[in-house]
Amino acid sequence: MTTLAVTVPDMACGACVTTITDAVKAVDPSAEVKTNLESKAVEINASVTADALTQAIQQAGYTVAG
Ligand SMILES: [Cu+2]
């Protein structure tokens, strides 16, 4: 089990949240994705590596900050 807590500064609206969530679920359909639009925080519980999660978000077109 991987827990990844990152900031995605360019996550600006509900569509971004959906895009990011879908990208994560494409690599792990059972992933739990929590997002906070105000703080731009994304927290993911998944069974794939943190690298795979980060890459999925980046490939969806978003910047991942620590
Ligand atoms: Cu958006």
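Residues numbered from 1 in each chain as written. Predicted model: local features only at pLDDT ≥ 70, side-chain atom pairs only at ≥ 80, totals over all residues. Heavy atoms only, no water.

**Student:** How should the pairing of strand 2 (residues 32-36) be read in this particular structure?
**Tutor:** Both faces of the sheet carry side chains from a regular strand, because those side chains alternate between them. Here strand 2 pairs with strand 3 (residues 41-46) via five bridges, running antiparallel. Residue pairing in the sheet places E32 in a bridge with N45 of strand 3. In sequence, strand 2 turns back onto strand 3 through a hairpin of four residues, with K40 there showing a positive phi of about 65°. (Pairing = 2+ DSSP bridges. Helix = DSSP H or I, 4+ residues; strand = E, 2+ residues; numbered from the N terminus.)

**Student:** Explain the coordination of the copper ion here, please?
**Tutor:** Six octahedral donors around a metal ideally subtend angles of 90 or 180 degrees, whereas four tetrahedral donors ideally subtend 109.5 degrees. Protein coordination at the copper ion comes from C13 (SG) and C16 (SG), with a distance range of 2.0 to 2.1 Å. Note on C13: relative accessible area 36%, which makes it partly exposed. (Donors = N, O, S within 2.8 Å, 3.2 Å for Na, K, Ca; no water. Buried < 20%, exposed > 50% of the residue type's maximum accessible area, 1.4 Å probe, protein only.)

**Student:** Before we go on, may I ask you to explain the nonpolar core in this structure?
**Tutor:** Burial of nonpolar side chains together is a common tendency in soluble globular proteins. With 16 residues, the main nonpolar core has V8, M11, I44 and I57 as its most contacted residues. Put simply, the parts of the chain that give this core at least two residues each are strand 1 (2-7), helix 1 (14-27), strand 3 and helix 2 (50-59). With residues near it in sequence (within four places) discarded, I44 still touches T2, T3, L4, V24, A31, E32, V33, L53 and I57. (Core = buried A, V, L, I, M, F, W, Y, C linked by side-chain atoms within 4.5 Å. Contact = heavy atoms within 4.5 Å.)

**Student:** I keep staring at the pattern of salt bridges and nothing clicks. Help me out?
**Tutor:** Any two side chains of opposite charge can pair, given that their charged atoms come close. One pass over the full model with this rule turns up one salt bridge. The partner of K34 in a salt bridge is E43, and the shortest N-O contact between them spans 3.9 Å. A residue is classified by how much of its surface remains accessible, and K34, at 49% relative accessible area, is partly exposed. The class of E43 is partly exposed, set by a relative accessible area of 33%. (Salt bridge = Lys/Arg side-chain N within 4 Å of Asp/Glu carboxyl O.)

**Student:** Teacher, can you tell me more about the packing of helix 1 against helix 2 here?
**Tutor:** Helix packing geometry: the angle between the two helix axes and the distance between the axes. Interhelical geometry of helix 1 versus helix 2 gives an angle of 135° and a closest axis separation of 9 Å. Judged on the interaxial angle alone, helix 2 and helix 1 are oblique. Of the two possible hands of crossing, helix 1 and helix 2 adopt the one that is right-handed. Residues I20, A23, V24 and V27 of helix 1 lie in contact with helix 2, whose contacting residues are L53, A56 and I57. Taken together, the residues of the contact of helix 1 with helix 2 sort by class into seven nonpolar, no polar and no charged. (Axes fitted to C-alpha atoms, helices over the stretch in contact; angles between N-to-C directions. Parallel < 35°, antiparallel > 145°, perpendicular 65-115°, else oblique. Left-handed = near helix turned anticlockwise from the far one by under 90°. Nonpolar A, V, L, I, M, F, W, Y, C, P; charged D, E, K, R; others polar.)

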